[in-house]
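# Tertiary structure, described
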Amino acid sequence: MRDHKHISLFGPVTCTCTDQEAANLDLVTRYRAAKVSDRGPFLADDFVRHRAGFPHIGELFGMEGAAGMNDESIADRQNILIELTAKDDKVWGIFRIVGTHTGTVYGIPPTGNPIDTIEAALWRVEGDVIKEAWYFGDELGLLRQLDVTPPVGG
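Residues numbered from 1 in each chain as written. Predicted model: local features only at pLDDT ≥ 70, side-chain atom pairs only at ≥ 80, totals over all residues. Heavy atoms only, no water.

### So, the overall build of the protein
Of the regular secondary structure elements, the protein holds 3 helices and 7 strands. Secondary structure elements in the protein, listed N-terminal to C-terminal, are β-β-α-β-α-β-β-β-β-α. The buried share of the protein, reckoned over its 154 residues, is 44%. For the protein, long-range pairs separated by at least 24 residues make up 60% of all intrachain contacts whose partners lie at least 6 apart in sequence. (Helix = DSSP H or I, 4+ residues; strand = E, 2+ residues; numbered from the N terminus. Buried < 20%, exposed > 50% of the residue type's maximum accessible area, 1.4 Å probe, protein only. Contact = heavy atoms within 4.5 Å.)

### Considering the confidence of the model for the protein
Residues at a pLDDT of 70 or more form 84% of the protein, whose mean pLDDT is 87. Within the protein, strand β6 (residues 114–126) carries the highest mean pLDDT (97), whereas strand β1 (residues 2–6) carries the lowest (57). (pLDDT = per-residue confidence, 0-100.)

### Digging into the pattern of salt bridges
Applying the stated rule across the entire model yields 8 salt bridges. R96 is the partner of D116 in a salt bridge, and the nearest nitrogen-oxygen pair spans 2.7 Å. Residue D116 is found in strand β6, and its partner R96 is found in strand β5 (residues 90–100); the two are separated by 20 residues along the sequence. Judged by its relative accessible area of 37%, D116 falls in the partly exposed class. One salt bridge connects E132 with R124, and the closest N-O pair in it is separated by 2.4 Å. With a relative accessible area of 16%, E132 lands in the buried category. Classification of R124 by relative accessible area gives buried; the value is 16%. By sharing partners, the salt bridges in this structure join D46, D89, K90, R124, E126, K131 and E132 into a single network. (Salt bridge = Lys/Arg side-chain N within 4 Å of Asp/Glu carboxyl O.)

What follows is the structure in structure tokens.
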């Protein structure tokens, strides 16, 4: 066990964690800092994304699954970590996605609108790669920022 600084909304927090937990925090931090197209090396060959961050937007606009965003979707995208912590092989995080809607996002054509939305995630790390992930985004907040009314029926 060793002391390690982790990211928190309340500033750097020192916590005691194992060397593996510290390595897992570092892995996820580097993964989130990478562009969408550069994230492959952080993922296991048999990586499973159990839940994309904005799946209901994808369903509404005909763009389901993880392919709903790419590097052009928010070309100036920043992932700002708010909270990141680890226990055993799991890393939990809350982060902001900040940028400009410059390309298709889950089937929604570019609006040029600013985006600043929250997403939470859980990653399971195996060895030195991410094996599984679950993402939970603020879908209504994102739609409001894009000035999009969901096509919902009665």
